[in-house]
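Below are the chains, spelled out letter by letter.
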Amino acid sequence: MDPRPVEPQELDAITRRERRRQLRAALGGLAEILIALVIGLGVGALVMRGAGYNWRLAYEGLLIGSFGDQWAIADTLASATPLILTGLVFGLSARAGYFNIGAQGQMVVGALAAVAVGAHLSAPPVVAVTLAFLASALAGAIWALPPAFLKATRGVHEVISTIMFNWIAHYTALYLVFNVLNDPRSAERTVRVLPGARLGALIPGADMTAAIFVAVGVAVFMYWLLWHSPWGYEMRIAGLNPSALRYAGANPLWSVNLTFILAGLAAGLAGATQIIGRPPTYALYGDLSNVRNLGFDGIAVALIGRNHPLGIILAAIFIGAMGAGARMMQIMAGVPLDMVRIVHGTVIIALAAPEAWTLLGKFLGRARARRAPAPPAPAKTVHR
Amino acid sequence: MPDRSAPPAGAADQYKPVSVLAGAPPWLEMRGITKVYPDGTRALENVDLVVAKGEIHGLLGENGAGKSTLMKILSGILPLTSGRILLGGREVSLRSTHDALAHGIGMVHQHFSLVPTFNALDNIILGRGALLASPARAAARARIRRLMEETGLHVPLDIPVEQLPVGTQQRIEILKTLDRNVDLLILDEPTAALTPQETDQLFTVLRGLAARGTTIILITHKLREVLALTSAVTVLRHGRVVGSRLTEGATAQDLARMMVGTERMPDVKARREHQKSEPVLRVAGLTVKGDGGQDVVKNVSFEINAGEIFAIAGVTGNGQSELIEALAGLRPIARGRVYLLGQPINGKSPRELYRMGIAHVPEDRHRLGMVAQFSVLENSILGVHHEPRFRRGVPGTIHWGKVRRYARDIVRRFQVVTPSLSTPMRSLSGGNQQKLVVGRELSKSPSLVIAGQPTRGLDVAATAAIRDLLVDIRNEGKAVLLVSADLDEVLALADRIAVMYEGEIMAILQKDQFDRERIGLLMGGVRDGSAAG
Amino acid sequence: MLISSLILGALHAMVPLTITATGEILSERAGVVNIGLEGILLISAFAAVVGAEAGGPLAGLMVGLLTGALLGLIHGIIAVYFRGDQTVSGVGLNILALGVVAIGIVDRWGAAGFHRVERAFRVPPLSTPLGPMSPMVIVTILLAALTWYLLQHTNLGLKIQACGENPAAADAAGVRVERVRLFGAVYAGALTGIAGAYLSIDWLATITENLPAGRGFIALATVVFSRLNPWLAVLGGLIFGFFDSLGLVASTSQALTRVIPYQFIQMMPYVVTLLVVAGVIGRFRAPAASGQPYRRE
Amino acid sequence: QGSLAIVYDVGGRGDLSFNDMAALGGDRAVRELGVRLTEVESASTADFLPNLRALARSRQHDLIVGVGFLIQDAMAQVAEEFPNQKFALIDGFVDAPNVMSISFADHEGSALVGALAAITALEYGGDTVGIVLGIEIPILLRFEIGYRAGVRWAVDRYNQIYGTNKQVRVLHTYTGAFDDPARGKTATDAMLGQGATVVYAVAGATGLGVFESVESVARAQGKVVGPPFAIGVDSAQDWISPGFIPVSMVKRVDNGVFEAIKRALEGTFQGGAVTLRLAEGGVAASTIEMVELFFDEAIAAGAKTAEDKAAAMAGVRAARAAVPQLAWDLLDELDRLIRSGEYVVPEALDRDTAEYWRGVLSTY
Ligand SMILES: Nc1ncnc2c1ncn2[C@@H]1O[C@H](COP(=O)(O)OP(=O)(O)OP(=O)(O)O)[C@@H](O)[C@H]1O
Ligand SMILES: Nc1ncnc2c1ncn2[C@@H]1O[C@H](COP(=O)(O)OP(=O)(O)OP(=O)(O)O)[C@@H](O)[C@H]1O
Ligand SMILES: [Mg+2]
Ligand SMILES: [Mg+2]
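Read on for a plain summary of the structure.

Conventions we followed
Residues numbered from 1 in each chain as written. Chains lettered and ligands numbered in written order. Predicted model: local features only at pLDDT ≥ 70, side-chain atom pairs only at ≥ 80, totals over all residues. Heavy atoms only, no water. Helix = DSSP H or I, 4+ residues; strand = E, 2+ residues; numbered from the N terminus. Rg over C-alpha atoms; globule rule 2.2 N^0.38 Å. Buried < 20%, exposed > 50% of the residue type's maximum accessible area, 1.4 Å probe, protein only. Contact = heavy atoms within 4.5 Å. Areas by Shrake-Rupley, 256 points an atom, 1.4 Å probe, with all protein chains shown as cover. Lys, Arg positive; Asp, Glu negative; His and termini not counted. Charge placed at Lys NZ, Arg CZ, Asp CG, Glu CD. Pairing = 2+ DSSP bridges. Axes fitted to C-alpha atoms, helices over the stretch in contact; angles between N-to-C directions. Buried area = accessible area lost by both parts, 1.4 Å probe. Salt bridge = Lys/Arg side-chain N within 4 Å of Asp/Glu carboxyl O. Polar contact = N/O pair within 3.5 Å; in protein donor to acceptor, adjacent residues only side chain to side chain. Nonpolar A, V, L, I, M, F, W, Y, C, P; charged D, E, K, R; others polar. Left-handed = near helix turned anticlockwise from the far one by under 90°. Parallel < 35°, antiparallel > 145°, perpendicular 65-115°, else oblique. Donors = N, O, S within 2.8 Å, 3.2 Å for Na, K, Ca; no water. Phe/Tyr/Trp six-rings, centres within 6.5 Å; stacked < 30°, edge-to-face > 60°. Near = heavy atom within 4 Å. Expected span 1.5 Å × (residues − 1).

## Concerning the overall build of chain D
Phase 1 of the analysis: Broken down by element type, chain D carries twelve helices and twelve strands.
Phase 2 of the analysis: Against the 2.2 N^0.38 benchmark of 21 Å for 364 residues, chain D shows a C-alpha radius of gyration of 20 Å, consistent with a compact globule.
Phase 3 of the analysis: C-alpha atoms of chain D, sized along the principal axes, occupy 60 × 50 × 35 Å.
Phase 4 of the analysis: Residue burial in chain D is summarised as follows: out of 364 residues, 66% are buried.
Phase 5 of the analysis: The long-range fraction of contacts in chain D, counting pairs at least 24 apart against all pairs at least 6 apart in sequence, stands at 71%.
Phase 6 of the analysis: Here chain D displays about 11600 Å² of accessible surface, and carbon together with sulfur accounts for 49% of that area.
Phase 7 of the analysis: Each charge class in chain D was averaged separately, 31 positive and 47 negative side chains, and the resulting centres sit 1 Å apart.

In structure tokens form, the structure reads like this:
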């Protein structure tokens, strides 16, 4: 132990060093992800080659389709929009220690609410859009409450309750879409929301709407919440060391509810983005196919983004780009969507274990070092 | 292989100190051990440790000196960065505990390695026997019963260990390793949660084992124990060997000097005398239930005055933990009334209790008192994070700048050694973690401080620092409730001592009644006529 | 006739849920969580058809098992040795499976979308008083019993549980945590592989691009339902299977669907499962270290 | 030589339904017209618009086909953005000069197989038939009500012929999924358990479960040919369960696609709605020739062998033979009546109309 008192400047000076270290770690993490990506795409290329496709052309298509021109970029961002929100649902919950896979159901309910309000409430554009978003956020949050309540009072694990509520939402929506919200003239979908409640394309010829700002705004809010507010501070305690939660003076019951409610809000908004924020239909399809799988894709997004709101934005853009790029992979290289799925799956699996590639690198490095005499280790201070 | 069937008592008498320093041939040799943790921490730098067969060797050093790291390498838990390990002259490769156990090396861990949902029996038989065979519980039970008799370490075999107090877990941890009949027994602070009597009996057992050829390495911060038990010691400082010496002829001062590098052997701070003031905490007929639903604190009454350290002594597991949890609002009060400065506190939440002036240094700092993954900065406001003084303009926003100043202040005042405020708490040494927790609690300017085992596992200097802090707040006229299994600590600090046994207070002793032997008897449940609980 | 078809329907619907859940129970007890079960079901269902057409139903089951085990091994290596994110790996597996099988079907049988399995290559049913019943119903019970026995009555079971609760403690006790966890992952994969084979070469005699249709996720819910007890996984699978069948049976009644729309009738298995969990099963505590990679330093 | 692009809906190729049939039409255009074919599957409905746009923007395709009613809104938008691009829409309607909207009289075809089902049931001493569907959407209501109408017409005709007063009950189930054979199987088990003799599968891949249920119940009774029987949909699915599927309601999406690209290349393309009815060959009861044609193409593609064909065709013939001649006769009779317009099959595209017809058509 060092009896010498530490001077305040010194603490901060080392903090700067610490911050540099963190930056280095972050860059290292990014590098790991990039390596994983290269490996995933490499395996994908092998598979495509094996199946007789031109993988170069396919990847060219992937790039052109996702970032090739302003439309491609806008389409990528449009695909990313709901994923940011559903990613946040999982990410926020994971930070608070819950495995919340209820985004799918909450999103469906949010979409229903957006239809109900957007199609039936005539109001000036800004008001209508705002109300539709609010209604769907509220609906998502309400749908998240029973699992939270069951968790808090009956100890029902969120995995089971959210899976069940996803299905309950699914069937409820199937009913409502066909029987209550249906469009009499075009019964394969619900009524369309009124023009005043629609967000138009920001760039003509592409699907991106102002909904992207809502998604990014929610992500920024979640960031603020987690790292700059006492409630988020408590959520993170719940996720890391729940026994310390009561010691820290927090109310665990309230913490569960708050987490689920906020996650539900985000999920509900995700549903709304597909209704009022995605041309051309502005309605929910009878087989719910315009919100299909977005909730589950959010899990991958959250995890690739390391459950960090800003990471989630990047991960959603990445997955969105894969989706948008799939189009040109099909058109340019004739690669069927199923083959594209194999590439997606491989890339995601490769992303699961970034450490593997670092280990691999180390292993190769060690093999090289064994051949050459090792340089003296850099002298570092003993860390006490 | 020591023969467990031989009677231990006779063997213990035969123990003759052996040591390489006294000419015995080396048996275990750790040569040039360097350990760099993945985060870059150089925990060990070219360390040598040589021990003879049948030796009891002490390993000393301050918190963070690298003792546990060295022993974890030896027990196969950690890979070493460079260096060699030889057993009986042959180099061995210890890449897992499985390897180490195969070489007869077993370790009692500082942070217990027990499966919380298993009972003691299953923890002890874990990892043994043929994979597809039924666990040999009956045979093990008989064996452990015998071992418990022999060692005096008694534990319930059928209760999940997570429901057992720390002291009992410690005993299980020791039994688990003893039951493996290892040739090299490593004990990392085994006595931190034992009573003096248990410690004595354990030492008798260890001497017996050594007499029969078991080699023992003991890590402890209690110099008395080192002097009582070991043949020789090796001292580490900052990851390097300071030196080794024979225990014979050494004094506590000598050892402390080697460890700390100074002459000073810290003393407890002078205490200022107060005139009696009104009670801060009044506990009347308090009953608390344990995790199993049974009464573990039974109808307990006492008062703590301002300017007083009121200590609760007792073997761990006699209801002290539940008592403090109840007083800190973490466990419901079953019956009875508790008043803080005249206000009832029954049913209040920890946050309300904090507002009323209670600070709590929890017994189990890893589980309760901190969030290991949080930075020092973030941990410094655990429990006060919601306060307006850390807010900024945007509603509800934590002003990290203000927090930083607050944290810096704690770190400075309480001499927490940390590279920076952004360092994760888990990379601090145990002593510094504890200093931060204590500092944070004392910074709440409380009127009552509840301190559970505040110096457990800390080195000499850190212990002294924490004890000084407790005396300081007492001197400032605040009340302190100290719960400690360390009788020395209780005797050194307390103004009054209550002894707890099986949930009851056996006696409350005034300063002039302090008497080691009498307290020891009370802790063992032996009542004397003068003071019945 | 209707009653017996309902009972058999429930039993047959139980099989894939319970077998999959049983394997995953052991894996989660050891600390490895796999949300890629859906993908493993799908790929092994496909592989089982290929195997059965080459060597008969038994070979099909074996190929399903081995395919599942292999995928479990890959997941296990990522989770255990690469200390990767188990959930990401599982999600990737699910996406990969959709692509692999769709392409595989076209590649193998020339037609997109599906392939029907000939009688000769299918697991032959047992005849029971209720009607033909798959022998896999019995296998399910046996596998649950086996898993329960492994977990509760062997030294291996003790090691598995220790690795899920506190791998550091297991490590200190000389348990080779990595191997035990890898075993768990492979075991879950293998059982899921059997369940996949059951889907394609027994129950439905068909392989399609999305044959499990969410049963992998319901199996995950069954794992939670079971509180990691294989017997409760049987019960959970049966409850779900029964109400799932009942919902479909009931929605053939026009008298009923006029009053209660079919969507609400078919919601039944989900609602009932939730009610049972909330009312009877209650608190579930996952093993403390489940899903978390174990690092020694 | 031209270029054709097809945008499939989310079921994609391999849905056993209109996507597969559209693909068939595309393949035929490649073979017979020598066009270049670009296919794009949509992972989600949100992909329709960008998929169509990307194709239209490239200005390389003589015709872009969108498959499925869900693609309608996206096509309306893109048709407006690219007025010089020709589009064809399957199963929907877009009011634009550059879009040819092709729909099919699903109800007419379903009525034919309904008649066959009813008579088969009656002749085998049964009184129940079933129909297993996917998600309750308007198109499927059209199938259901058409089927019910066929049953009703045939029962009336039967009673008229024999002077009896027989009744046939129609069980229907919406399974809520197009891709889950297990649901199809369970639902069909339940219908057979209630005495159904014939079950019509209108549910994409879920229908495979219908076939499996019918076949295993029959096999359990030692039969290699129905009853019970199943009826296929969209393509000639008779070969999938040889011996148990006497007929399928084929919906010639392939012809629609082929016709549209042909006209686009010939310069006779015209926007507007085209309904391919029974009379135009848009829908039909499958024939032996259609099944054989399927095999011949599969053999040419190397996917099936001549032995496969022989084995399957034997079963297909046996199933057809096991269906009472009267059933075939009445199917033909109804076919004539519908073609000539003497019998108009009721059509329902929403719940209330469907409920109305269910009541009217019920023989109870
Ligand atoms: N997992 C780890 N990662 C990084 N650094 C570590 C890790 N474990 C320990 N250290 C660091 O290594 C050094 C030696 O720690 P070690 O636990 O061996 O000390 P010790 O002598 O046992 O201390 P104590 O008396 O407090 O138990 C310390 O600086 C500690 O912070
Ligand atoms: N969530 C966090 N965890 C750890 N450190 C944090 C966190 N948020 C902020 N900090 C650190 O706290 C310090 C101050 O944060 P912030 O920038 O919010 O305050 P400030 O207004 O700049 O402070 P000051 O008023 O002292 O200038 C920074 O060093 C920052 O790195
Ligand atoms: Mg230590
Ligand atoms: Mg497909």
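Let us keep going from here.
## Remarks on the sheet that holds strand S5 (residues 90-91) of chain B
Residues and elements named next belong to chain B.
Phase 1 of the analysis: A sheet is described by the order of its strands in space; here four strands give the open sequence S2-S1-S4-S5, paired in antiparallel fashion. Bordering the open sheet on either side are strand S2 (42-52) and S5, each of which pairs with just one other strand.
Phase 2 of the analysis: Strand direction decides the pairing type here: strand S1 (residues 26-36) and strand S4 (residues 82-87), joined by five bridges, are antiparallel. Each bridged residue has a counterpart across the sheet, and for Glu29 the counterpart in S4 is Leu86.
Phase 3 of the analysis: Contacts from helix H2 (residues 67-74) reach S1, S2 and S4, with the element oriented near 115 degrees to S1.

## Considering the interface of chain A and chain B
Phase 1 of the analysis: Taken together, the contact between chain A and chain B spans 36 residues of the former and 53 residues of the latter.
Phase 2 of the analysis: Carbon and sulfur atoms supply 57% of the area buried between chain A and chain B, which totals about 4200 Å² over both sides.
Phase 3 of the analysis: Put simply, chain A and chain B have two salt bridges between them.
Phase 4 of the analysis: In this structure, A:Glu234 engages B:Arg351 in a salt bridge whose closest nitrogen and oxygen atoms are separated by 2.8 Å.
Phase 5 of the analysis: The interface formed by chain A and chain B contains 17 residue pairs in polar contact (both at pLDDT 80 or more).
Phase 6 of the analysis: Contributing elements (two or more residues each) for the side of chain A that touches chain B: helix H1 (8-50), helix H7 (211-228), helix H8 (230-240) and helix H9 (243-247) of chain A.
Phase 7 of the analysis: Residue classes in the side of chain A that touches chain B are distributed as 20 nonpolar, eight polar and eight charged.

## Observations concerning the packing of helix H5 (residues 125-154) of chain A against helix H10 (residues 252-275) of chain A
Residue and element names in this part refer to chain A.
Phase 1 of the analysis: Their axes nearest at 6 Å, the elements H5 and H10 cross at an angle of 145 degrees. For the pair H5 and H10, the sense of crossing is right-handed.
Phase 2 of the analysis: Partitioning the contact of H5 with H10 into residue classes produces 17 nonpolar, six polar and one charged.

## Some remarks on the packing of helix H1 (residues 2-30) of chain C against helix H8 (residues 215-225) of chain C
All names here are of chain C.
Phase 1 of the analysis: Close contact between H1 and H8 brings their axes to 8 Å; oriented N to C, the two are set at 55 degrees. Viewed along their axes, H1 and H8 adopt a mutual orientation that is oblique. For the pair H1 and H8, the crossing hand works out as right-handed. Each of Pro16, Leu17, Thr20, Ala21, Glu24, Ile25 and Glu28 in H1 lies in contact with H8, whose residues at this interface are Arg215, Ile218, Ala219, Leu220, Thr222 and Val223.
Phase 2 of the analysis: Split by residue class, the contact of H1 with H8 holds eight nonpolar, two polar and three charged.

## Observations regarding the interface of chain D and chain A
Phase 1 of the analysis: Counting residues at the interface gives 34 residues for chain D, matched by 34 residues for chain A.
Phase 2 of the analysis: Where chain D abuts chain A, roughly 2800 Å² becomes buried across the two surfaces, and 54% of that area is made up of carbon and sulfur atoms.
Phase 3 of the analysis: With a shortest N-O distance of 3.0 Å, D:Arg53 and A:Asp207 are connected by a salt bridge.
Phase 4 of the analysis: Our count for the contact surface shared by chain D and chain A stands at 13 residue pairs in polar contact (both at pLDDT 80 or more).
Phase 5 of the analysis: Elements with a minimum of two residues in the side of chain D that touches chain A: strand S2 (36-40), helix H2 (48-58), helix H3 (72-81) and helix H5 (138-162) of chain D.
Phase 6 of the analysis: When its residues are assigned to classes, the side of chain D that touches chain A shows 16 nonpolar, nine polar and nine charged.

## Here's the deal with the coordination of the magnesium ion (ligand 4)
Phase 1 of the analysis: Coordination sphere of the magnesium ion (ligand 4), protein contribution only: C:Glu209 (OE) and D:Arg13 (O), at 2.5 to 2.7 Å. Of this pair, C:Glu209 sits in the loop between strand S4 (206-208) and H8 while D:Arg13 sits in the loop between strand S1 (3-7) and helix H1 (18-33), on two different chains.

## A closer look at the packing of aromatic side chains
Phase 1 of the analysis: Applying the stated criterion across every chain yields a total of 31 aromatic pairs over all chains.
Phase 2 of the analysis: A ring pair is formed by D:Tyr147 and D:Tyr200, whose centres lie 5.0 Å apart and whose planes are at 40 degrees; its orientation type is tilted. Taken as a pair, D:Tyr147 in helix H5 and D:Tyr200 in strand S8 (residues 196-202) lie far apart in primary sequence, 53 residues in all.
Phase 3 of the analysis: With relative accessibility at 0%, the residue D:Tyr147 sits in the buried group.
Phase 4 of the analysis: Relative accessible area serves as the criterion here: at 0%, D:Tyr200 is assigned to the buried category.
Phase 5 of the analysis: Between D:Trp239 and D:Phe295, the aromatic rings sit 6.0 Å apart at their centres with planes inclined by 75 degrees, giving edge-to-face as the arrangement. Here D:Trp239 is found in the loop between strand S9 (229-234) and strand S10 (247-251), whereas its partner D:Phe295 is found in helix H9 (residues 288-300), with 56 residues between them in sequence. Across this residue pair, the class does not change: D:Trp239 and D:Phe295 are buried.
Phase 6 of the analysis: One aromatic cluster is present, formed by A:Trp167, A:Tyr171, C:Phe240 and C:Tyr270 through successive ring pairs.

## Side note on the site of ligand 2
Phase 1 of the analysis: Neighbouring ligand 2 are the residues A:Arg19, A:Trp227, A:His228, B:Leu377, B:Glu378, B:Arg392, B:His399, B:Trp400, B:Gly401, B:Arg404 and B:Arg405.
Phase 2 of the analysis: Proximal residues around ligand 2 fall on chains A and B, making this an inter-chain site.
Phase 3 of the analysis: One of the side-chain N or O atoms of B:Trp400 is found 3.3 Å from a nitrogen atom in ligand 2.
Phase 4 of the analysis: In this structure, B:Arg404 approaches ligand 2 through a side-chain N or O atom, which is 3.2 Å from an oxygen atom.
Phase 5 of the analysis: Alone, ligand 2 offers 630 Å² of accessible surface; in the complex the protein occludes 60% of this.
Phase 6 of the analysis: With four residues, helix H14 (residues 400-413) of chain B is the single largest residue contributor to the shell around ligand 2.
Phase 7 of the analysis: Grouping the amino acids of the shell around ligand 2 by side-chain chemistry returns three nonpolar, three polar and five charged.

## Concerning helix H7 (residues 196-211) of chain B
Phase 1 of the analysis: Under the 1.5 Å per step criterion, the end-to-end length of H7(B) is 22 Å for 16 residues, consistent within 8% with the ideal 22 Å.
Phase 2 of the analysis: Once H7(B) ends, the next one or two residues include B:Gly213, with phi positive near 105 degrees.

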